[in-house]
Amino acid sequence: MKVLLINGSPHEKGCTYTALSLVAEPLRENGVETEIFWLGNQPIGGCIGCGACAKTGRCAFGGPVNEAIEKAQAADGFVFGSPVHYAAASGNMTSFMARLAYAGGRTLCYKPAAVVASARRAGTTSTLDQLAKYPEFFHMPLVSGSYWPMLHGNTPAEALRDEEGCAVMRELGRNMAWLLRCIEAGKAAGIAHPENPPRPKTNFIR
């Protein structure tokens, strides 16, 4: 089993990386392989709705989106992490998530996901609300802990002093490992995820 953790911060080893590393610790302790994938610090453009990915399963603009899609094929679960920029996910993370969803949604379906946010002070809940929208499109069970998954601090050292936030990150890792084992046991018992028919699309036009 493997979990892919996405670091949407422009800082490779900053507070978001610290949060994801805390999630990864109990995953590894429970025999789950982890990989933290950094989006990098170069600008990532948003989706332009060209539709090319519908034919190829890859984004026409390439870059970290297609790299992540390749890695997602071998992943059994995901953790999406972002710093807070003006009470929202980072610009790169926002663009990445939209393009990942459009181009690579089929590689995400029915795989558990968790979202985490890091901030100096505020804006975490709105960022988490934003990130949680994506798993809901792809039948992805959303893994939670005992509180909203946020970590506070302006530096990694400060973030590690947020004892409650650190505890919640570790809860996410343990809960993700437990759910992955449950899914694996279900598959071994012949229980597969439901095959849902395409949903009807209703346009509210009068």
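To be clear, the structure that these remarks concern was listed above.
Here the structure is a predicted model, which is why all the values come from computation and not from measurement.

Peer 1: Before we move on, can you summarise the packing of aromatic side chains with the specific residues and values?
Peer 2: Overall, the coordinates contain three aromatic pairs when judged by the stated rule. Ring plane angle 45° and centroid distance 6.3 Å describe the contact between F137 and F138, whose orientation is recorded as tilted. On the accessibility criterion, F138 (13% relative accessible area) is buried. Centroid distance Y147 to W148: 5.0 Å. Interplanar angle 65°. Geometry classified as edge-to-face.

Peer 1: Any details on the environment of M150? Residues and values, ideally.
Peer 2: Here M150 shows up in strand β5 (residues 150-152). The spatial distance from the C-alpha of M150 to the C-alpha of G105 is 25 Å, given a sequence separation of 45 residues. If we ignore the near neighbours within four places in the chain, the residues touching M150 are A117, T124, T125, L128, D162, G165 and M169.

Peer 1: For the environment of H11, give the residues involved together with the corresponding values.
Peer 2: Structurally, the position occupied by H11 is in the loop between β1 (2-7) and α1 (15-29). Its relative accessible area of 54% is what places H11 among the exposed residues. Taking the C-alpha atoms as reference points, H11 and T124, 113 residues apart in sequence, are found 18 Å from one another.

Peer 1: Tell me about helix α4 (residues 91-104), residues and numbers included.
Peer 2: Across its 14 residues, α4 extends 19 Å between first and last C-alpha, which sits within 8% of the 20 Å expected from 1.5 Å per residue. Burial analysis of α4 places ten of its 14 residues in the buried class, the great majority of the element. The set of residues buried in α4 consists of N92, M93, S95, F96, M97, R99, L100, A101, A103 and G104. Elements in contact with the buried residues of α4: β1, α2 (53-56), α3 (64-72), β3 (77-83) and α5 (124-132).

Peer 1: Any chance you could break down the packing of α1 against helix α7 (residues 163-188) for me, citing the residues and the numbers?
Peer 2: Packing of α1 against α7 leaves a shortest axis separation of 7 Å and a crossing angle of 40°. On the basis of their axis angle, the class for α1 and α7 is oblique. For the pair α1 and α7, the sense of crossing is right-handed. Contacts between α1 and α7 involve A19, L22, V23, E25, P26 and L27 from the first element and C166, M169, R170, L172, G173, R174, M176 and A177 from the second. Grouping the constituent residues of the contact of α1 with α7 by class yields ten nonpolar, one polar and three charged.

Peer 1: Now, about the layout of surface pockets: what can you tell me, with residues and values included?
Peer 2: Which parts of space are left empty comes out when a probe the size of a water molecule is rolled across the atoms. Of the voids in this model, the largest pocket is the one considered here, and its volume is about 760 Å³. Lining the largest pocket are 25 residues; nearest its centre among them are G105, C109, F137, F138 and R199. Elements with a minimum of two residues in the lining of the largest pocket: α2 and α4. Broken down by element, the lining of the largest pocket gets its largest block of residues, five residues, from α4. Residues belonging to the lining of the largest pocket are distributed by class as follows: 14 nonpolar, six polar and five charged. Around the second largest pocket, the lining comprises 17 residues; the ones closest to its centre are Y110, I183, E184, K187 and H193. Class assignment for the residues of the lining of the second largest pocket results in eleven nonpolar, two polar and four charged.

Scoring rules and cut-offs
Residues numbered from 1 in each chain as written. Predicted model: local features only at pLDDT ≥ 70, side-chain atom pairs only at ≥ 80, totals over all residues. Heavy atoms only, no water. Phe/Tyr/Trp six-rings, centres within 6.5 Å; stacked < 30°, edge-to-face > 60°. Buried < 20%, exposed > 50% of the residue type's maximum accessible area, 1.4 Å probe, protein only. Helix = DSSP H or I, 4+ residues; strand = E, 2+ residues; numbered from the N terminus. Contact = heavy atoms within 4.5 Å. Expected span 1.5 Å × (residues − 1). Axes fitted to C-alpha atoms, helices over the stretch in contact; angles between N-to-C directions. Parallel < 35°, antiparallel > 145°, perpendicular 65-115°, else oblique. Left-handed = near helix turned anticlockwise from the far one by under 90°. Nonpolar A, V, L, I, M, F, W, Y, C, P; charged D, E, K, R; others polar. 1 Å grid on protein atoms, 1.4 Å probe; cavity = no way out; pocket = protein on both sides within 12 Å on 5 of 7 lines; lining within 4 Å. Points joined across faces, edges and corners; volume = space filled by probe spheres on them.

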